[in-house]
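The primary structure of each chain is shown beneath.
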Amino acid sequence: MDSHKLIYHPDVVARWVRGENIYPIEIEISPSGICNHRCIFCAVDYIGYKPDFLEKDIILRNISQMSKKGLKSVICSGEGEPLLNKNMPDIANGIKACGVDVAMSTNGALFTREVAEECLEAFTWIRFSVASMEEKSYNQIQRGKIGDLNRVKENLSEAVKVKKDKKLKTTLGVQCLLLPDNMYQLPNMAKQLCEIGVDYLTIKPYSQHLHSENIFEINYEEMLDLEQGLKQYVTKDFSIYFRANAMKKMHHEKCYSQCLGLPFMTHIDAKGNVWPCVAHIGTKEFCYGNIYEQTFEELWEGTKRQDIIRKLNSLNINKVCREACRLDEINKYLDELKHPGEHVNFI
């Protein structure tokens, strides 16, 4: 989770090196623009939690076309809670039917057993965003409805049962954003999740979005020792990923000057707008276009996207991008390919 998987797509990388116009291997979509929580760490709070929902037929038509161009995976996440889109189970099943892997990030309050029965089989993985397993902290951080934590725990347990009953391979995990408010609760969280039977817990740092109204100054160097106290809960069936590498990268300048990873993934918001990545949602000058007005292929092949990428590459990446973003390790890898050292032939 602290690295990248481009090494498993050498054919696409080779085409990129040759200067070809490649299509994304992965896209992130926002099935819903609205959310049932108001997390204190929400990166896209500035958008305003609007009740926009991706239309099932439009997104599936585009994904079907993109699958023929090289699309391999879709993550359902984005601005809001995916399951507030009533068509989310059909969207997941439809993406899988296109031959594309599909995953989802959710707060879990709406992922009932009925929903799990309907669509769990379609997902390669589902990641529940849970800030704490203690009710007071959970409510203060995620700011949902009273009783949501108990609903999430029950939904996690039921998802585990559905997975076992149907003998599914779907990976069920929990992601916790590490904050001063929950840092000492991690051992209890790991213990409870292990008992519930999920596959893993991942603990990641907060990364400031440039436009977010939520602002935190957190010294993660002081939290690195927390990893040691979690190791006792690791079993052959339960893993813990403490993202120390990402934490160590906070407040450090990037070692590359351009975001070379933009062709390999992109983002479609709940209104159908296509963006270079989550960091630029809402900045109109960086919008590639809209899939309700043009097909994804028309947008991707158009000159507007190329102009936007050139403009982004002319900006100071340390000022316009987030720290430790999802493309960071990909960018390091691609930058090395683009600027190899003098002794690379001595393998």
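Everything below is about the structure shown above.
A short tour of the structure in this document, coming up. (Residues numbered from 1 in each chain as written. Predicted model: local features only at pLDDT ≥ 70, side-chain atom pairs only at ≥ 80, totals over all residues. Heavy atoms only, no water.)

With respect to the overall build of the protein
Thought 1: Within the protein, the regular secondary structure consists of twelve helices and ten strands.
Thought 2: Computed over C-alpha atoms, the radius of gyration of the protein comes to 20 Å, within 12% of the 20 Å expected from 2.2 N^0.38 for 347 residues, which places it in the range of a compact globule.
Thought 3: Structurally, the protein occupies a C-alpha span of about 50 × 45 × 40 Å along its principal axes.
Thought 4: Taken across its 347 residues, the protein has 54% of its residues classed as buried.
Thought 5: Within the protein, contacts between residues at least 6 apart in sequence are counted, and of these 73% link residues at least 24 apart.
Thought 6: Counting only carbon and sulfur atoms, one obtains 50% of the accessible surface of the protein, whose full area is about 16,700 Å². (Helix = DSSP H or I, 4+ residues; strand = E, 2+ residues; numbered from the N terminus. Rg over C-alpha atoms; globule rule 2.2 N^0.38 Å. Buried < 20%, exposed > 50% of the residue type's maximum accessible area, 1.4 Å probe, protein only. Contact = heavy atoms within 4.5 Å. Areas by Shrake-Rupley, 256 points an atom, 1.4 Å probe, with all protein chains shown as cover.)

What to know about the state of the cysteines
Thought 1: All told, the structure shown has zero disulfides when counted by the stated rule.
Thought 2: A disulfide-free cysteine, Cys194 has its sulfur positioned 16 Å from the sulfur of Cys176, the nearest such atom.
Thought 3: With no disulfide of its own, Cys325 lies 6.0 Å from the sulfur of Cys259, the closest cysteine sulfur. (Disulfide = S-S within 2.5 Å.)

Looking at the sheet that holds strand 3 (residues 101-106)
Thought 1: The strand order across the open sheet built from ten strands is 7-6-5-4-3-2-1-8-9-10, with neighbouring strands paired in mixed fashion. The sheet terminates laterally at strand 7 (239-242) and strand 10 (289-290), the two strands that pair on one side only.
Thought 2: Docked against the sheet, helix 3 (residues 88-97) engages strand 1 (26-29), strand 2 (73-76), strand 3 and strand 4 (123-129), running at close to 150° with respect to strand 3. (Pairing = 2+ DSSP bridges. Axes fitted to C-alpha atoms, helices over the stretch in contact; angles between N-to-C directions.)

A few points about the pairing of strand 1
Thought 1: Residues Glu26 and Glu28 point to one face of strand 1 and Ile27 and Ile29 to the other, with burial holding for every one of them.
Thought 2: Of the strand pairs in this sheet, strand 1 and strand 2 are connected by four bridges, and their pairing is parallel. Note on strand 2: the bridge partner recorded for Ile27 is Val74.
Thought 3: Taken together, strand 1, helix 2 (residues 56-67) and strand 2 constitute a β-α-β crossover, and its handedness is right-handed.
Thought 4: When strand 1 meets strand 8 (residues 265-268), the two strands line up parallel, connected through four bridges. By the bridge assignment for strand 8, Ile27 is matched with Thr266. (Right-handed = clockwise from strand over helix to strand, strands pointing away.)

Thoughts on the pattern of salt bridges
Thought 1: Following the criterion strictly, the structure yields 22 salt bridges and no others.
Thought 2: Glu195 serves as the salt-bridge partner of Lys191, at 2.8 Å between the closest nitrogen and oxygen. On the criterion of helical spacing, the pair formed by Lys191 and Glu195 is a turn pair, its members being four residues apart in helix 7 (residues 186-196).
Thought 3: Lys332 is the partner of Glu329 in a salt bridge, and the nearest nitrogen-oxygen pair spans 3.4 Å. Taken together, the positions of Glu329 and Lys332, both in helix 12 (residues 328-338) and three residues apart, correspond to about one turn of that helix.
Thought 4: For Glu329, a relative accessible area of 16% gives the class buried. (Salt bridge = Lys/Arg side-chain N within 4 Å of Asp/Glu carboxyl O.)

Overview of the environment of Thr112
Thought 1: Structurally, the position occupied by Thr112 is in the loop between strand 3 and helix 4 (113-119).
Thought 2: Owing to a relative accessible area of 27%, Thr112 belongs among the partly exposed residues under this scheme.

Considerations on the packing of aromatic side chains
Thought 1: The tally for this structure, following the rule as stated, stands at eight aromatic pairs.
Thought 2: Each ring, one from Tyr200 and one from Tyr241, has its centre 5.7 Å from the other, and the planes form 70°; the classification is edge-to-face. Within this pair, whereas Tyr200 is found in strand 6 (residues 200-204), its partner Tyr241 is found in strand 7, the two being separated by 41 residues in sequence.
Thought 3: The class of Tyr241 is partly exposed, set by a relative accessible area of 37%.
Thought 4: Put simply, the rings of Tyr23, Tyr288, Phe296 and Trp300 pair up and form one aromatic cluster.
Thought 5: The ring of Trp300 has Arg305 sitting right over it, with the charged end atom 3.7 Å from the ring centre. (Phe/Tyr/Trp six-rings, centres within 6.5 Å; stacked < 30°, edge-to-face > 60°. Lys NZ or Arg CZ within 6 Å of the ring centre and 35° of its normal.)

Observations regarding helix 10 (residues 303-313)
Thought 1: For helix 10, the complete set of buried residues consists of Arg305, Ile308, Ile309 and Leu312. End-on view of helix 10: buried residues confined to an arc of 100°, all on one side of the axis. Of the exposed residues in helix 10, those oriented more than 90 degrees away from the buried face are Thr303 and Arg310.
Thought 2: Summarising the contacts, the buried residues of helix 10 are in contact with helix 9 (296-301). (Arc of directions from axis to C-beta.)

A short note on the nonpolar core
Thought 1: Grouped together as the largest cluster of nonpolar side chains are 105 residues, with contacts concentrated most on Ile29, Ile95, Phe111, Leu178, Leu193 and Phe242.
Thought 2: Considering every element that reaches this core, the biggest residue donor is helix 6 (residues 148-166), with six residues.
Thought 3: Formed by eight residues, the second largest nonpolar core is a distinct cluster that contains Cys35, Val44, Ile281 and Cys287. (Core = buried A, V, L, I, M, F, W, Y, C linked by side-chain atoms within 4.5 Å.)

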